[in-house]
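Structural description and commentary
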Amino acid sequence: AQSVTQLGSHVSVSEGALVLLRCNYSSSVPPYLFWYVQYPNQGLQLLLKYTSAATLVKGINGFEAEFKKSETSFHLTKPSAHMSDAAEYFCAVSEGAAGNKLTFGGGTRVLVKP
Amino acid sequence: NAGVTQTPKFRVLKTGQSMTLLCAQDMNHEYMYWYRQDPGMGLRLIHYSVGEGTTAKGEVPDGYNVSRLKKQNFLLGLESAAPSQTSVYFCASIPTGQGRLTTGELFFGEGSRLTVL
């Protein structure tokens, strides 16, 4: 069975500071990993994904994530936070290309202070 | 492009009432899903479908039924609503390639907020 743990349900950062959101996963097969973002009153949209190619994945809006198999982690970072980054972020895992179900973490809400 | 459309967007029910949420996608996706979102719990899978005429249970199926009579539509029903079903419901779909392999990238609707009093 696959599972996802996101450390910290809320993160507060200052505008211009580093954003770091932590995600650890468990999977019995090589995983596909995802970060989704949800802006207020909207559905989720894909930020970036890892599908067994490069371990450092670049996504939209300046975000990137690094897959570390030895640590079973897929942490999300952005060097400099912008006010528009205020949203909830979800990490998710799928059982590779044959998997047809995603399992989501509990989410991390990011607050950006001016 | 419409993508994934959910109706209704808001609904208030009394305990014991029934209702159906409709999800429609115009992307010819094979796989469709219903999730519920509750604070601090992320998204939990209720039911899903891997093709027209098929359905399967997810993580939290109790109290819900689904049907996929047409490829583009996936209906979620509550036969007797309970306050514990107060939530935001999201429908999603995934495209598939050869051999029904998928990249796992979900396309979401905007959500349906349900309150059960």
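Everything numeric in this text was worked out from a predicted model, so none of it was measured. (Residues numbered from 1 in each chain as written. Chains lettered and ligands numbered in written order. Predicted model: local features only at pLDDT ≥ 70, side-chain atom pairs only at ≥ 80, totals over all residues. Heavy atoms only, no water.)

1. Description of the interface of chain A and chain B
The partner chain B presents 23 residues to the 22 residues of chain A that form the contact. Buried area between chain A and chain B, summed over both chains or domains, comes out near 1,700 Å², and the portion from carbon and sulfur atoms is 57%. If you sort the residues of chain A by the area they bury against chain B, L44, N100 and F104 of chain A come out on top, with a joint share of 29%. Put simply, chain A and chain B have 1 salt bridge between them. A salt bridge links E105 of chain B to K49 of chain A; the shortest N-O distance between them is 3.4 Å. Summed over the shared surface of chain A and chain B, the number is 5 residue pairs in polar contact (both at pLDDT 80 or more). Those elements that provide at least two residues to the side of chain A that touches chain B are β4 (32–38), β5 (44–50), β9 (87–94) and β10 (102–104) of chain A. (Contact = heavy atoms within 4.5 Å. Buried area = accessible area lost by both parts, 1.4 Å probe. Salt bridge = Lys/Arg side-chain N within 4 Å of Asp/Glu carboxyl O. Polar contact = N/O pair within 3.5 Å; in protein donor to acceptor, adjacent residues only side chain to side chain. Helix = DSSP H or I, 4+ residues; strand = E, 2+ residues; numbered from the N terminus.)

2. Some details on the pairing of β4 of chain A
Residue and element names in this part refer to chain A. With 7 of 7 residues buried, β4 lies mostly within the body of the structure. Residues Y32, F34, Y36 and Q38 line one face of β4 and the alternating positions L33, W35 and V37 line the opposite face, and both faces are buried. Here β4 runs beside β5; their pairing, made up of 6 bridges, is antiparallel. If you follow V37 over to β5, its bridge partner there is Q45. (Buried < 20%, exposed > 50% of the residue type's maximum accessible area, 1.4 Å probe, protein only. Pairing = 2+ DSSP bridges.)

3. Structural notes on the state of the cysteines
The tally for this structure, following the rule as stated, stands at 2 disulfides over all chains. For C23 of chain A, the disulfide goes to C91 of chain A, at an S-S distance of 2.0 Å. Note on the C23 of chain A and C91 of chain A pair: the S-S dihedral is about -65 degrees, so by sign convention the disulfide is left-handed. With C23 of chain A in strand β3 (residues 19–26) and C91 of chain A in strand β9, the pair connects residues that are 68 residues apart, well separated along the chain. Here C23 of chain A and C91 of chain A have matching classes, each one buried. A sulfur-sulfur separation of 1.9 Å characterises the disulfide bridge that pairs C23 of chain B with C91 of chain B. The sign of the -75 degrees torsion about the S-S bond sets the C23 of chain B-C91 of chain B disulfide as left-handed. Of this pair, C23 of chain B sits in strand β3 (residues 19–25) while C91 of chain B sits in strand β9 (residues 87–94); the two residues are 68 residues apart in sequence, bridging distant segments of the chain. Residues C23 of chain B and C91 of chain B agree in their burial class; the two are buried. (Disulfide = S-S within 2.5 Å.)

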